[in-house]
Amino acid sequence: MPFKHVNAPESVVKNADKLFKPASYDIRAYVGEPGDFFSGKAVFTPDAAKTAGILMGGLSFTLRSGEKVALNEGDTCVIGYDNGPTSKALAESFADGLAETGVNVYIIGVSGSGQVYQNQNQLGADAHVQITRSHVEVTTNGAKFGIGIQGIHTYLLKQMNEALKTNAAVRFGSAKGKITDKTDEAYSVYFDKMVKTYKAYFADKDTSKIAVNLFGGTGCKYAELFRAVFGADVLLLGADLDVNSGAALADPTRKEMIEKVAGFSEALTEGFRIHSFDLDADRGSVTSGADALKAGAFGHYLGDALAYILADYKLKKSVPELLEKLSAKGVAAEKAERIKEIAETVYIDARYTSGVKSYVESLGGKTVFHTKGHSLWKETITANMAEMAELAGYGSISSFVADTGYRDYQIEASLHFFTTDVEDGIPRDDAVENIFVLEQVFTESGITNLNEYFASIPFRFITKEIRTTSVSNEAKEHITNEIVRVIKDTFCGLKGVETMEFDGQIRADWAEGFIMYGMSNTSPKLTFMAEGTTEEIRNSALRFLLGLHNHFKAQYGDSEPMDLAENDFFLKEAGYNLPEPDKVRLDDPEVRAFLKGFGIDKVL
């Protein structure tokens, strides 16, 4: 097998730090403006995608364990893409790069990320690539990819970065790999598996008030699948929404985007429970109640809300059933106890309301804060499944799952919901399949009305994760580092306060609330949130964060205003009383009063 230098175009090499970011979970970069894609300042171009394919196919990646992961000549990679205007061209170029290394490619066309992940297994492939911008503007695109069950992210992206910058020698193929269109076959095997797994379950269930918001994205491909599983009368919305025009984004977290979907509000009024997902269908939300889309109203449920239901289901049904089966199998008591400890663990996202932690513990479960990032969550869940399988005396995760029927359920605040597969036991964030999973969980948990369910759950006042644009990635990092330092210096060691750092971010919890500040790992955005047992506590904590945020933005010359389109609650929700968040200062009386409550006079 010949080894050759990467020899990437200079235009790609100069953008190495924007393409392969060591703090990121995938590629996410600028592709240009509509009508002028891939020119000028564009970062993720066909040349860049081809280079990424060469690096993915030709590098031997070193995991933290020291183990090597690599594709070999003759291996096969599945490539799918979303329905954005630049995605097909990038997918084809990525395929060309892989083929240069002797890797064969199955192109499966417009597909959700979940189908891409599952097709890797279903088509006997060794790797996967999904070209998608997920939920951001059409001027950005990206790639999520992995080899086997190992996602290429963070420190592995760093290895690609270094190989590109140093023009490293990588393995090329002795012959070019074959690129084959598998669009029809790939969809067929995915469709058939979903129908086989879920159709019989829902055949005698009332599905008359289930609706799916296709959101104008790859979800539109699965309209017939939803009808096949839920019945011909399932309500499908959003098929005609143009998410490539700039007028709307397929973002299931944002009410202001969801309300652009024709018929959505009317369906809520008629009593439908509506599932929405993003462009590539790997994240999903649930909306219920006639007033759910109104400012300040409840009924639009995100990751930390759904975590309550999944914890209920795991701890009251899934884990007891697993332990009963292992007892019948004769698994030793000490091994069964360790399996119980793993299975009862609910991973807590640092962006969750603190109520999830206390609720899980009240049910007898265990909570562990997990660093954010969908690839990292999947690695943890896979490792847990492997350990349980070994403890229970099975030779593989798939044999453990086949015999016990056990599935794990975990969810990030960002709406990546990880369900382990019914066949191979590997966790996948497939928002199409997870609609079937959630409806099954609701049914088996006896939940007919989500709003009534959540009315019984301890409530706190929490902001959404506030995301606002910074002037640059460099400014974003400086501002975040300064604010993390200040919060750490101020609250670490303070009686009654628990601080936790994760991925360059920080969270401080106390009995009545929490604050969190950090940054996006994939785009030049600053992120923060606050919570309180009352609106007043939440608002004062938020003012403190805004004071810090505005102070350090000014210090680093970042004049980008708060994004009030993405964070319209500042304008629409009277409970915040913060119509001008950019004007909050650290010396404001409300900020001083917040600090005074901790016995602190000032932070700077």
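All of the points below concern the structure found in this document.

The rules we used
- Residues numbered from 1 in each chain as written.
- Predicted model: local features only at pLDDT ≥ 70, side-chain atom pairs only at ≥ 80, totals over all residues.
- Heavy atoms only, no water.
- Pairing = 2+ DSSP bridges.
- Helix = DSSP H or I, 4+ residues; strand = E, 2+ residues; numbered from the N terminus.
- Contact = heavy atoms within 4.5 Å.
- Axes fitted to C-alpha atoms, helices over the stretch in contact; angles between N-to-C directions.
- Salt bridge = Lys/Arg side-chain N within 4 Å of Asp/Glu carboxyl O.
- Buried < 20%, exposed > 50% of the residue type's maximum accessible area, 1.4 Å probe, protein only.
- Core = buried A, V, L, I, M, F, W, Y, C linked by side-chain atoms within 4.5 Å.
- Phe/Tyr/Trp six-rings, centres within 6.5 Å; stacked < 30°, edge-to-face > 60°.
- Lys, Arg positive; Asp, Glu negative; His and termini not counted.
- Polar contact = N/O pair within 3.5 Å; in protein donor to acceptor, adjacent residues only side chain to side chain.

## Structural notes on the sheet that holds strand β23 (residues 427-428)
No. 1: An order of β21-β22-β23 is seen for the three strands of this open sheet, with the pairing classed as antiparallel. Two strands lie at the open edges of the sheet, namely β21 (409-411) and β23, each paired on one side alone.
No. 2: With two bridges connecting them, strand β22 (residues 417-420) and β23 associate as antiparallel partners. For threonine 419, the partnering residue across the bridge sits in β23 and is arginine 428.
No. 3: Against the sheet, helix α14 (residues 374-391) engages β21, β22 and β23, with an angle of about 25 degrees to β22.

## Considerations on the pattern of salt bridges
No. 1: Counting across every chain of the model gives 44 salt bridges.
No. 2: The shortest N-O distance in the salt bridge between lysine 572 and glutamate 259 comes to 3.9 Å. With a gap of 313 residues between them, lysine 572 in helix α20 (residues 569-572) and glutamate 259 in the loop between α9 (255-258) and α10 (264-269) connect regions that are remote in the sequence.
No. 3: Residue lysine 572 is classed as partly exposed on the basis of its relative accessible area, which comes to 47%.
No. 4: The exposure class of glutamate 259 is partly exposed, given its relative accessible area of 40%.
No. 5: A salt bridge links aspartate 429 to lysine 378; its shortest N-O distance comes to 2.9 Å. One end of the pair, aspartate 429, is in the loop between β23 and α16 (431-444); the other, lysine 378, is in helix α14, with 51 residues separating them in the sequence. The same class applies to aspartate 429 and to lysine 378, which are both buried.
No. 6: Where salt bridges share partners, they join Arg254, Glu256, Arg467, Lys525 and Glu566 into one cluster.

## Observations concerning unusual backbone geometry
No. 1: In this structure, threonine 154 is a non-glycine residue whose phi angle is positive, near 35 degrees.
No. 2: Tracing the chain through its elements places threonine 154 in helix α6 (residues 154-165).
No. 3: Positive phi, close to 85 degrees, is recorded for leucine 415, a residue that is not glycine.
No. 4: Structurally, leucine 415 is set in the loop between β21 and β22.

## Concerning the pairing of strand β10 (residues 140-147)
No. 1: Counting buried positions over the eight residues of β10 gives eight, a clear majority of the element.
No. 2: Burial of the side chains of β10 extends over both faces: Thr140, Gly142, Lys144 and Gly146 are buried on one face and Asn141, Ala143, Phe145 and Ile147 on the other.
No. 3: With four bridges connecting them, strand β2 (residues 27-30) and β10 associate as antiparallel partners. Along β10, the bridge assignment pairs arginine 28 with glycine 142.
No. 4: Two strands pair when backbone bridges link them, and β10 and strand β11 (residues 150-151) are joined in this way by two bridges, in the antiparallel orientation. Bridge assignment links glycine 146 to a residue of β11, and that residue is glycine 151.

## What about the nonpolar core?
No. 1: Ranked by internal contacts, the top residues of the largest apolar core, which has 54 residues, are Leu225, Phe226, Phe230, Phe277, Phe436 and Phe454.
No. 2: No other element matches helix α11 (residues 303-329), which puts nine residues into this core.
No. 3: Counting 48 residues, the second largest nonpolar core, distinct from the first, contains Val6, Phe20, Ile54 and Tyr155.

## Comments concerning the packing of aromatic side chains
No. 1: In the structure shown here, the tally under the stated rule is 31 aromatic pairs.
No. 2: Ring geometry for phenylalanine 298 against phenylalanine 459: centres 4.9 Å apart, planes inclined by 85 degrees, an arrangement best described as edge-to-face. A residue pair is termed long-range when its members are at least 10 positions apart, and phenylalanine 298 in the loop between β17 (284-287) and β18 (300-301) and phenylalanine 459 in the loop between α17 (450-455) and β24 (461-462) qualify at 161 residues.
No. 3: Note on phenylalanine 298: relative accessible area 56%, which makes it exposed.
No. 4: With a centroid separation of 6.4 Å and 80 degrees between ring planes, the pair formed by tyrosine 308 and phenylalanine 454 is classed as edge-to-face. Taken together, the positions of tyrosine 308 in helix α11 and phenylalanine 454 in helix α17 put the pair 146 residues apart, joining distant regions of the chain.

## Remarks on the side chain of aspartate 430
No. 1: Here aspartate 430 shows up in the loop between β23 and α16.
No. 2: Salt bridges are absent for the buried aspartate 430, whose nearest opposite-charge side chain, arginine 428, sits at 7.5 Å.
No. 3: A polar contact of 3.3 Å, which involves the side chain of aspartate 430, links it to the side chain of glutamine 118.
No. 4: At a separation of 3.2 Å, a polar atom in the side chain of aspartate 430 contacts the main-chain amide nitrogen of glutamate 433.
No. 5: Sequence-distant contacts of aspartate 430, that is, excluding residues within four places in its chain, are made with Gly114, Gln115, Gln118, Tyr190, Ala281 and Phe417.

## Focus on the sheet that holds β17
No. 1: The sheet built from five strands is open, its strands ordered β15-β14-β16-β17-β18 with mixed pairing. Because the sheet does not close on itself, it has two edges, and the strands there are β15 (235-237) and β18.
No. 2: On the sheet, α16 packs against β14 (210-213), β16 (273-277) and β17 and is oriented at approximately 150 degrees with respect to β16.

## Focus on the environment of aspartate 408
No. 1: Relative to the assigned elements, aspartate 408 resides in the loop between α15 (397-404) and β21.
No. 2: Aspartate 408 gets classed as buried once you look at its relative accessible area, which sits at 5%.
No. 3: Sequence separation between aspartate 408 and threonine 499 is 91 residues, and the spatial gap between their C-alpha atoms is 29 Å.
No. 4: Discounting residues that sit within four places of it in the chain, aspartate 408 has contacts with Lys314, Ile381, Met385, Phe418, Thr419 and Thr420.

Taken by themselves, the reported measurements are silent on function.
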